[in-house]
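Summary of structural features
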Amino acid sequence: MDHYRMFAAYNAWANMLLYEAAAGLTEEERHRDTGAFFGSLFGTLNHVVTADRVWLHRFTGQGPHPATLDARAAETFGNLWAARRAEDARITAFVEGLTPEALAATFQYSPISKPEPVSHKLGPAVAHFFNHQTHHRGQAHMCLTVLGKPSLSLDMIYFVRSAGLSFL
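A quick note: this is a predicted structure, and the numbers were derived from the prediction, not measured.

Interhelical geometry of helix H1 (residues 2–23) versus helix H4 (residues 77–96) gives an angle of 170° and a closest axis separation of 9 Å. When the axis of H1 is compared with that of H4, the two are roughly antiparallel. Judged by residue contacts, Tyr4, Arg5, Ala8, Asn11, Ala12, Asn15, Tyr19, Glu20, Ala22 and Ala23 of H1 engage Phe77, Leu80, Trp81, Arg84, Asp88, Ile91, Thr92, Val95 and Glu96 from H4. Taken together, the residues of the contact of H1 with H4 break down into eleven nonpolar, three polar and five charged.

See the structure below:
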């Protein structure tokens, strides 16, 4: 359980660093197509919030339930950042309620991209959930560097060495 709590805390920490860096950009820069899968930094950050909402709804049956993976979570950067903080809080609350029994239980949902029911244990879905965020934060990092901004140190070990010392 400590592993998932660490991932939730790391996720919030890395998102804070990323959004702080994005706050230093102009609106045009945040929306500029940088070649990322979702186009711009804003599009990438939006997708992560949207995907988190999809997964959290699958896990809990609560909260927003986007119908597409590129659904707009917010129209402005300020509102997107507020949505990000709210989802990070929901993630922390979800993880706090996990048990080994829940992670071992069978979990069923229908993917958006291919809406045929699938089932497997919850544990791998939660692991995917955190891995997906890291994957797209890497793309957001690329957007920042394409825009000429400094590289961010988002590796989990930096979190562990600083803010996450309680997880050692």
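Read on for the rest.
What follows is about the pattern of salt bridges. Taken as a whole and assessed by the stated rule, the structure comprises seven salt bridges. A salt bridge links Glu28 to Arg32; the nearest nitrogen and oxygen atoms lie 2.6 Å apart. With relative accessibility at 45%, the residue Glu28 sits in the partly exposed group. Connected through shared salt-bridge partners, Asp52, Arg84 and Asp88 make up one network.

Another aspect to go through is the packing of aromatic side chains. The geometry of an aromatic ring pair is captured by the separation of the ring centres together with the interplanar angle, meaning the angle of the planes. By the definition in use, this model includes 15 aromatic pairs. The interplanar angle of 20° and the centroid separation of 5.7 Å between the aromatic rings of Tyr19 and Phe77 together place this pair among those described as stacked. In this pair, Tyr19 is assigned in helix H1 and Phe77 in helix H4, connecting sequence segments 58 residues apart. The same class applies to Tyr19 and to Phe77, which are both buried. An angle of 50° between the planes, with centres 5.7 Å apart, marks the rings of Phe77 and Trp81 as tilted.

Before going further, it helps to spend a moment on the side chain of Ser40. Topologically, Ser40 is positioned in the loop between helix H2 (27–31) and helix H3 (41–60). Discounting chain neighbours no more than four positions away, the residues touching Ser40 are Arg30, His31, Arg32, Asp33, Thr34 and Cys143.

Glancing now at the layout of surface pockets. Reported here for the largest pocket is a volume of approximately 160 Å³. Taken together, His47, Ala51, Val54, Trp55, Arg58, Leu69, Tyr109, Pro111, Ile112, Ser113, His128 and His132 make up the full set of residues lining the largest pocket. Elements with a minimum of two residues in the lining of the largest pocket: H3 and helix H6 (122–146). Examining the composition of the lining of the largest pocket, we find that five residues originate from one element, H3, more than from any other.

The next point concerns H3. Taking 1.5 Å per residue, 20 residues should reach 28 Å; H3 reaches 28 Å between its end C-alpha atoms and fits that length. Counting buried residues along H3, 18 of its 20 residues qualify, which places the element largely inside the surrounding structure. Of the residues flanking the end of H3, it is Gly61, one or two places downstream, whose phi is positive at about 75°.

This next bit is on the environment of His47. Secondary-structure assignment places His47 in helix H3. By relative accessible area, which is 3% here, His47 ends up buried. With 26 residues separating them in the primary sequence, His47 and Ala73 have C-alpha atoms 8.0 Å apart. With sequence-adjacent residues up to four places away left out, His47 is seen in contact with Phe38, Leu69, His132 and His136. Side-chain polar atoms of His47 contact the backbone oxygen of Leu69, separated by 2.8 Å.

Rules of the game
- Residues numbered from 1 in each chain as written.
- Predicted model: local features only at pLDDT ≥ 70, side-chain atom pairs only at ≥ 80, totals over all residues.
- Heavy atoms only, no water.
- Axes fitted to C-alpha atoms, helices over the stretch in contact; angles between N-to-C directions.
- Helix = DSSP H or I, 4+ residues; strand = E, 2+ residues; numbered from the N terminus.
- Parallel < 35°, antiparallel > 145°, perpendicular 65-115°, else oblique.
- Contact = heavy atoms within 4.5 Å.
- Nonpolar A, V, L, I, M, F, W, Y, C, P; charged D, E, K, R; others polar.
- Salt bridge = Lys/Arg side-chain N within 4 Å of Asp/Glu carboxyl O.
- Buried < 20%, exposed > 50% of the residue type's maximum accessible area, 1.4 Å probe, protein only.
- Phe/Tyr/Trp six-rings, centres within 6.5 Å; stacked < 30°, edge-to-face > 60°.
- 1 Å grid on protein atoms, 1.4 Å probe; cavity = no way out; pocket = protein on both sides within 12 Å on 5 of 7 lines; lining within 4 Å.
- Points joined across faces, edges and corners; volume = space filled by probe spheres on them.
- Expected span 1.5 Å × (residues − 1).
- Polar contact = N/O pair within 3.5 Å; in protein donor to acceptor, adjacent residues only side chain to side chain.

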